Amino acid sequence: MTYQDQWKALSSRIRGLMEAGHLHAQYLAVRSSDSYGRGKRLREQGERILAALGAFRDSFHQVLPPPALTAIDDFVARTGTMIHDTSGTADSTQERVWAALVLLVAFETEMSFLLSDVQESIRSRSERAFSHLQRSIVVDDELRAKWQKAFEQGEVACEKLGAVHLLLHGIWAFKVDAAGARTDLVFQEPAGDFVAAQRYADGLVLTEWKKAVKESESSQRFHEARLQARRYAQGPLGATELSGYRYTVVVSRRQVATPEDLREGEIVYRHVNVAVDPRTPSQG
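The following refers to the structure shown.

Each value, and the rule that gives it
- Here the residue numbering is sequential within each chain, running from 1 through the sequence in written order.
- Reporting of local features is limited, given that this is a predicted model, to residues whose pLDDT is at least 70; pairs of side-chain atoms are given and counted only at 80 or more, and all residues count toward the totals for whole chains, interfaces and linings.
- Side-chain measures were taken over the full set of non-hydrogen atoms in the model, leaving aside hydrogen atoms and water.
- Each reported salt bridge corresponds to a side-chain nitrogen of Lys or Arg within 4 Å of a carboxyl oxygen of Asp or Glu.
- In DSSP terms, a helix is any run of H or I states spanning at least four residues, a strand is any run of E spanning at least two, and both are numbered starting from the N terminus.
- Only protein chains enter the calculation, and the probe is 1.4 Å; a residue is then buried if its accessible area is under 20% of its type maximum, exposed if over 50%, and partly exposed in between.
- An expected span of 1.5 Å times one less than the residue number is assigned to each helix.
- To get the bend at any residue, fit one axis to the seven residues that end at it and another to the seven that begin at it, then take the angle between the two axes.
- Note on geometry: axes are lines fitted to C-alpha atoms, helical ones only across the stretch in contact, with angles between N-to-C directions running from 0 to 180 degrees.
- Throughout, the term roughly parallel applies to angles under 35 degrees, roughly antiparallel to angles over 145, roughly perpendicular to angles from 65 to 115, and oblique to all others.
- Whether two residues are in contact is decided by their heavy atoms: any pair within 4.5 Å suffices.
- Each residue receives one of three labels: charged for Asp, Glu, Lys and Arg, nonpolar for Ala, Val, Leu, Ile, Met, Phe, Trp, Tyr, Cys and Pro, and polar for the others, Gly being one of them.
- Here a cavity is any set of points on a 1 Å grid over the protein atoms alone where a 1.4 Å probe fits but cannot get out, and a pocket is any open set with protein on both sides within 12 Å along at least 5 of 7 lines; a residue lines the site when it has an atom within 4 Å of a point.
- Grid points are joined across faces, edges and corners, and a volume is the space filled by probe spheres set on the points.
- Whether two aromatic rings pair depends on their centres lying within 6.5 Å, for rings of Phe, Tyr and Trp, where Trp uses its six-membered ring; planes under 30 degrees apart make the pair stacked, over 60 edge-to-face, and the rest tilted.
- By definition, being over a ring means that NZ of Lys or CZ of Arg is both within 6 Å of the ring centre and within 35 degrees of the ring normal.

## Some thoughts on the pattern of salt bridges
Following the criterion strictly, the structure yields 13 salt bridges and no others. As a salt-bridge pair, Arg144 and Asp141 come within 2.4 Å of each other at their nearest N and O atoms. Of this pair, Arg144 and Asp141 both sit in helix 6 (residues 141-153), three residues apart, which is roughly one turn of that helix. Accessibility expressed as a relative area gives 19% for Arg144, which makes it buried. The class of Asp141 is exposed, set by a relative accessible area of 54%.

## A few points about helix 3 (residues 66-84)
Since the α-helix advances by 3.6 residues per turn, residues separated by three or four positions end up pointing in the same direction. Taking 1.5 Å of rise per residue, the 19 residues of helix 3 would be expected to cover 27 Å, and the 26 Å separating its terminal C-alpha atoms lies within 8% of that figure. For helix 3, the principal kink sits at Arg78 and spans about 35°. Listed as buried for helix 3 are Pro66, Ala68, Leu69, Ala71, Ile72, Phe75, Thr79, Gly80 and Ile83.

## Brief notes about the packing of helix 5 (residues 118-139) against helix 6
It is at 6 Å that the axes of helix 5 and helix 6 come closest, and there the two elements cross at 110°. Classified by the angle between their axes, helix 5 and helix 6 sit roughly perpendicular to one another. Between helix 5 and helix 6, the contacting residues are Leu133, Ser136, Ile137, Val138 and Val139 on the first element and Asp141, Leu143, Arg144 and Trp147 on the second. For the contact of helix 5 with helix 6, the residue count by class is six nonpolar, one polar and two charged.

## Brief notes about the layout of surface pockets
The rolling of a water-molecule-sized probe over the atoms marks out the regions of remaining empty space. Taken as a whole, the largest pocket holds about 370 Å³ of empty space. The wall of the largest pocket is formed by 18 residues, among which Glu127, Thr258, Asp261, Arg270 and His271 lie closest to the centre. Secondary structure elements with two or more residues in the lining of the largest pocket: helix 5, strand 5 (262-264) and strand 6 (267-275). By residue number, the principal contributor to the lining of the largest pocket is strand 6, which donates six residues. Taken together, the residues of the lining of the largest pocket sort by class into six nonpolar, seven polar and five charged.

## A short note on the packing of aromatic side chains
Applying the stated rule across the entire model yields eight aromatic pairs. Here the aromatic rings of Trp7 and Phe56 are separated by 5.8 Å at their centres, their planes lie at 45°, and the arrangement is tilted. Pair noted here: Trp7 is in helix 1 (residues 3-30) and Phe56 is in helix 2 (residues 38-60), with a separation of 49 residues, a long-range link. For Phe56, a relative accessible area of 3% gives the class buried. A network of ring pairs unites the aromatic residues Trp7, Phe56, Phe60, Phe75 and Phe107 as a single cluster. The ring centre of Tyr245 lies 6.0 Å from the NZ or CZ of Arg123, which sits over that ring. Here Arg230 stacks its cationic end above the ring of Tyr269, 5.5 Å away from the centre of that ring.

Put into structure tokens, the structure is as follows:
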């Protein structure tokens, strides 16, 4: 199950709890008593949703957008105590329950927006493009031969092939020059404002490509790619540019170990390996 599917279920629980809260408020407007402990049940349901939210974060923290993770952490820090607190009078407890419900619904609205953002669509397309590339190299002899030839020619040749493949998925990949500006991967020229690219590309993504001749070099090559990506000095091109992720790509003969995602502020550095002569699972 994807995090979008999981969030839909959690979102429905939040909205259902708010509806129950409305019914409770309507009853209190007529009769102020709460003989059956409806307010207590609402608070308990709020606690369960809070626990489910924590589980959601733990399960998907590696793929959730950074702003969504920040929103979850802020909500738990500010509202968690309010939901768990049972001290005070019945009136104060009732007020806390209602305040928590209102904040919970506001949070649900924000999260639903963040998780439906076009940025996530661009990120997903990018991930699919890289996965498709590696699998194609495994099964397509002609493509594998092209990549092996590009590997011998050097990083620039690999960048060009990679950029063309990503464009098949609607992703216009670019890199950074020494001054921190965008550079076209195919033509190796300053990319300007990407006006033409935005007419047909679904998303623009920063990628840094390195070649590792030996497996022992791969860690250093990923490090060099991150350093290069950090030079990026231009502001994002609105929603068409994937602003929260930067891809460091190491091309090697055989598969190499890839580091975990590295988060620096609002930027996530994701590491990708493209093996031009990959071992298949049956080869061990």
